[in-house]
Amino acid sequence: MTTGNETVESLSAGIYSNLISALVQDLVARETAKQRLLAARYPGAQPYHRDDTGALDIHGQPKTQESSRYFLCKNCGREISANRFAAHLERCLGGRGGRR
Ligand SMILES: [Zn+2]
């Protein structure tokens, strides 16, 4: 085990190396178990599509323009663009400003 010419540096390097490999092995074991559990629970699951340009959604489909979707405000009966709906509701229900 010890050869007699070990230094504080070589000993601490050995301890550090052991700690790091134990941590890595633990991490890999946990992630592998998690992946197996997920694969068993959801056999046909596909990973989410990743698009760094932000043009595609998590299913790999092109994102729809929010402004092209309209929702009916049940308070005033008007059709409101999806990207302005939250702001409209706040105004329409008399939250901020209270203009109604
Ligand atoms: Zn409204």
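By the naming in an unreviewed UniProt entry, the chain is SAGA-associated factor 11, taken from Maudiozyma humilis. Quoted straight from UniProt, the Subunit (unreviewed entry) entry for the chain says "Component of the 1.8 MDa SAGA transcription coactivator-HAT complex. SAGA is built of 5 distinct domains with specialized functions. Within the SAGA complex, SUS1, SGF11, SGF73 and UBP8 form an additional subcomplex of SAGA called the DUB module (deubiquitination module). Interacts directly with SGF73, SUS1 and UBP8." Regarding the chain, the relevant UniProt record gives this comment under Sequence similarities (unreviewed entry): "Belongs to the SGF11 family."

(A) Fine view of the overall build of the chain. Within the chain, the secondary structure is distributed over two helices and two strands. In sequence order, the secondary structure elements of the chain are arranged as α-β-β-α. Scored against the burial criterion, the 100 residues of the chain give a buried share of 0%. Counting only contacts in the chain whose residues sit at least 6 apart along the sequence, the fraction spanning at least 24 positions is 0%.

(B) How the structure looks around the UniProt feature "domain: Yeast SAGA-associated factor 11 N-terminal" (unreviewed entry) in the chain. The positions that UniProt labels "domain: Yeast SAGA-associated factor 11 N-terminal" (unreviewed entry) are, in the present scheme, residues 6-43. The span residues 6-43 carries 89% helix and 0% strand; its end-to-end C-alpha distance comes to 52 Å.

(C) Representation of helix α1 (residues 8-41) in the model. The end-to-end C-alpha separation of α1 is 49 Å, in line with the 50 Å expected for 34 residues at 1.5 Å each. The element α1 is barely covered by neighbouring structure, given that only zero of its 34 residues are classed as buried.

(D) Just the environment of A55, in detail. Tracing the chain through its elements places A55 in the loop between α1 and β1 (70-72). Taking the C-beta count within 10 Å as the criterion, A55 has 8 such neighbours and is therefore assigned exposed. Not counting the four nearest positions on each side in its chain, A55 is found in contact with P62 and K63.

Reading the values: the criteria
Residues numbered from 1 in each chain as written. Predicted model: local features only at pLDDT ≥ 70, side-chain atom pairs only at ≥ 80, totals over all residues. UniProt positions renumbered as here; feature names shortened; annotations may be inferred. Helix = DSSP H or I, 4+ residues; strand = E, 2+ residues; numbered from the N terminus. Buried ≥ 20, exposed ≤ 12 C-beta atoms within 10 Å, placed from the backbone. Contact = placed C-beta atoms within 7 Å. Expected span 1.5 Å × (residues − 1).

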